[in-house]
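Residue-level structural notes
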Amino acid sequence: MSRIAIYAGSFDPITRGHEDLMRRSLEFVDRLVVAVATNVSKQPWFTPEERVGLIRETLDHDDRIDVRQFDGLLVDFARDVGASLLIRGLRAVSDFEYEYQMALMNRHLSPKLETVFMIPSLDTTYISASLVREVARFGGDVTDLVHPSVAAALRARVAAR
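A brief report on the enclosed structure follows. (Residues numbered from 1 in each chain as written. Predicted model: local features only at pLDDT ≥ 70, side-chain atom pairs only at ≥ 80, totals over all residues. Heavy atoms only, no water.)

**Side note on the overall build of the chain**
Along the chain, the regular secondary structure elements total six helices and five strands. Scanning the chain from its N terminus toward the C terminus, one meets helices and strands in the order β-α-β-α-β-α-β-α-β-α-α. The C-alpha radius of gyration of the chain comes to 15 Å, within 12% of the 15 Å expected for a compact globule of 161 residues. Overall, the chain is about 45 × 35 × 30 Å in size when its C-alpha atoms are taken along their principal axes. Taking all 161 residues of the chain together, the buried fraction comes to 47%. Within the chain, contacts between residues separated by at least 24 positions form 77% of all contacts whose residues are at least 6 apart in sequence. Working note: accessible area of the chain is about 9,100 Å², and carbon and sulfur atoms make up 54% of it. Separation of charge centres in the chain, based on 20 positive and 23 negative side chains, amounts to 3 Å. (Helix = DSSP H or I, 4+ residues; strand = E, 2+ residues; numbered from the N terminus. Rg over C-alpha atoms; globule rule 2.2 N^0.38 Å. Buried < 20%, exposed > 50% of the residue type's maximum accessible area, 1.4 Å probe, protein only. Contact = heavy atoms within 4.5 Å. Areas by Shrake-Rupley, 256 points an atom, 1.4 Å probe, with all protein chains shown as cover. Lys, Arg positive; Asp, Glu negative; His and termini not counted. Charge placed at Lys NZ, Arg CZ, Asp CG, Glu CD.)

**As for the side chain of Asp95**
For Asp95, the position within the fold is in helix H4 (residues 93–109). This buried residue, Asp95, is left without a salt bridge; Arg91 holds the nearest opposite charge, at 4.0 Å. Each residue touching Asp95, except ones within four places of it in the same chain, is listed here: Gly89 and Leu90. (Salt bridge = Lys/Arg side-chain N within 4 Å of Asp/Glu carboxyl O.)

**So, the side chain of His147**
Assignment of secondary structure puts His147 in the loop between helix H5 (129–137) and helix H6 (148–160). Here Ser149 takes part through its side chain, which lies 2.8 Å from a polar atom of the side chain of His147. The residues touching His147, leaving out its near neighbours within four places in the chain, are Arg16, Glu57 and Thr58. (Polar contact = N/O pair within 3.5 Å; in protein donor to acceptor, adjacent residues only side chain to side chain.)

**Quick notes on the sheet that holds strand S1 (residues 4–9)**
Ordered in space as S3-S2-S1-S4-S5, the five strands form an open sheet in which the pairing is parallel. In this open sheet, the two edge strands, each paired with only one partner strand, are strand S3 (65–70) and strand S5 (114–118). Sheet twist, expressed as the average angle between the axes of neighbouring strands with direction ignored, equals 30 degrees. Inspection of the sheet shows S1 paired to strand S4 (residues 85–89) by three bridges, in the parallel sense. Following the sheet pairing, Ile6 is matched in S4 by Leu86. Running over the sheet, H4 touches S4 and S5 and is turned about 160 degrees from S5. (Pairing = 2+ DSSP bridges. Axes fitted to C-alpha atoms, helices over the stretch in contact; angles between N-to-C directions.)

**Considering the pattern of salt bridges**
Throughout the structure, instances matching the rule amount to 13 salt bridges. The salt bridge involving Asp12 is made with Arg133; its shortest N-O contact spans 3.9 Å. Here Asp12 is found in the loop between S1 and helix H1 (16–25), whereas its partner Arg133 is found in helix H5, with 121 residues between them in sequence. Exposure remark for Asp12: the relative accessible area of 4% places this residue in the buried category.

**Remarks on helix H3 (residues 74–81)**
Along H3, the residues that are buried comprise Leu74, Val75, Phe77, Ala78 and Val81. Taken around the axis of H3, the buried residues stretch over an arc of 160 degrees, which confines them to a single face. Opposite the buried face of H3, by more than 90 degrees, sit the exposed residues Arg79 and Asp80. Residues of H3 that are buried sit in contact with S1, strand S2 (31–37), S3, S4 and H4. (Arc of directions from axis to C-beta.)

As structure tokens, then:
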């Protein structure tokens, strides 16, 4: 039986930090499902379909990683894909309280679903999608922060605004 994990987020856009956690999680799971969420409290730059495409391109269409869009409760999505683990990234102590609360709620809703917290690599710790969008918005260089196809998509989105 293969071990399946989910790494969920809005990924608007996918950053080198996200990519780092995705690739490193494959060291202890057989398959990773990247779940692209629709966050109703955020104003996304990219549609869910665009985000799925950018993630697939960033990961070079790795067959161990399945990228899907989802709505609803993450625990229901996890059950549907047969996942037993949720991967969550913690960049800073400030992330912990929210992530801890979510992990406890997910455990309440699905007791057999475990949450694994991962710390990003040192060279990606400071990267967040919101900071990447801010740098891109003002014409800054994002080439070290995202995959080249994501950088191009960001430039195109800024130009269209």
